[in-house]
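Close look at the chain arrangement
Letter by letter, the chains look like this.
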Amino acid sequence: MNFRDKVVLITGAGSGIGRKAALMFAERGAKVAVNDIDEARGKETVEKIKENGGEAVFVHGDVSKTEVAKKIVSETVEIYGKLDILVNNAGIVPYGTIEDTDDEEFERTIAINLKGPFMLSKFAVMEMKKRGGGVIVNVASEAGLVGIPKRCIYSVSKAALIGLTRSLAVDYVEYGIRVNAVCPGTTQSQGLMARVNASPDPEALLRKMKSRIPMGRLGKEEEIAFAILFAACDEAAFMTGSIINIDGGSTAV
Ligand SMILES: NC(=O)c1ccc[n+]([C@@H]2O[C@H](COP(=O)([O-])OP(=O)(O)OC[C@H]3O[C@@H](n4cnc5c(N)ncnc54)[C@H](O)[C@@H]3O)[C@@H](O)[C@H]2O)c1
């Protein structure tokens, strides 16, 4: 997987899976636009890439706001001259059943997990069409494929992201734009570990999470990032509209 001369924009790349993917794209020659709502964390990813001899720039912004999504894409194109690959990775993981979900949580989750990727993809395809192609990778979730207890609005947002993936794949195949989704199972990311450590009994919670996974362990950030890179690479040229499960067997049972 070689990304030399490719320009990659990754949202939510200040942490976890997004940061790992940013580092791995840069190691393989990509110029990486690192987006995050958290400026300090985003800039830290850029520093790490530069320390490794890679090329990256920080593009600040909240993906849930249409004007900001537009600015994130246009800034990337202004800086690097084009956009080859968009990774819609930024996301939040609210907890609860439908009864636990109020208006505010509904709106916020849909805005970040669905409207963000929707609008970023819209502005990205406009740029990609001008240059004859591109790739979008949406980071969805196993929760978009199967029912996960107490993840109601999260599951709804990720199932819709899978719908967006297939719709874009069909509409933009004639423009040379490929669109795929990666569906991670429970992955030991910075974000997930922060949630685990904030729980009353982190050890018990980790044991419970592992017990639900046929492989008996959580995913690693790089295992998900590899799937993102594969979906984006030129060797995957025949793959579009694909939904890649990578979850230690969770959705196979
Ligand atoms: N970790 C898992 O177990 C798991 C499982 C399935 C799917 N996923 C998905 O993978 C993606 C990454 O997850 P992670 O665990 O690495 O997360 P994480 O919490 O470690 O990182 C997410 C990053 O997104 C940023 N972000 C949040 N809201 C934003 C916004 N509005 N605009 C821009 N940036 C924003 C955060 O600041 C953070 O840096 C998410 O879409 C998540 O739903 C994760």
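Remember, it's a predicted structure, so these values are computed and weren't measured experimentally. (Residues numbered from 1 in each chain as written. Predicted model: local features only at pLDDT ≥ 70, side-chain atom pairs only at ≥ 80, totals over all residues.)

**A few points about the site of the ligand**
Surrounding the ligand, one finds 30 residues, the nearest of these being Gly12, Gly16, Gly91, Ser189 and Gly191. The set of elements that each furnish at least two residues to the shell around the ligand consists of helix H1 (16-27), strand S2 (31-36) and helix H6 (190-197). Its residues assigned to classes, the shell around the ligand comprises ten nonpolar, 16 polar and four charged. The residues that make up the shell around the ligand include at least three from each of domain 1 (7-184 + 221-243) and domain 2 (188-218). (Near = placed C-beta within 6 Å. Helix = DSSP H or I, 4+ residues; strand = E, 2+ residues; numbered from the N terminus. Nonpolar A, V, L, I, M, F, W, Y, C, P; charged D, E, K, R; others polar. Domains from an automatic or database assignment.)

**Here we look at the environment of Tyr175**
Relative to the helices and strands, Tyr175 is located in the loop between helix H5 (152-172) and strand S6 (177-184). On the basis of neighbour counts, which here come to 14 C-beta atoms within 10 Å, the residue Tyr175 falls in the partly exposed class. As a C-alpha pair, Tyr175 and Arg131 span 44 residues in sequence and 9.3 Å in three-dimensional space. (Buried ≥ 20, exposed ≤ 12 C-beta atoms within 10 Å, placed from the backbone.)

**Here's the deal with the domain arrangement of the chain**
When its domains are assigned, the chain resolves into domain 1 (7-184 + 221-243) and domain 2 (188-218). Centre-to-centre, using C-alpha coordinates, domain 1 lies 24 Å away from domain 2.

**Some thoughts on helix H3 (residues 66-80)**
If you check H3, its first and last C-alpha atoms are 22 Å apart, about what 15 residues at 1.5 Å a residue would give, namely 21 Å. Each element contacted by the buried residues of H3 is listed here: strand S1 (7-10), S2, strand S3 (55-60) and helix H4 (103-130). The positive-phi residue at the C-terminal boundary of H3 is Gly81, with phi of around 85°. (Expected span 1.5 Å × (residues − 1). Contact = placed C-beta atoms within 7 Å.)

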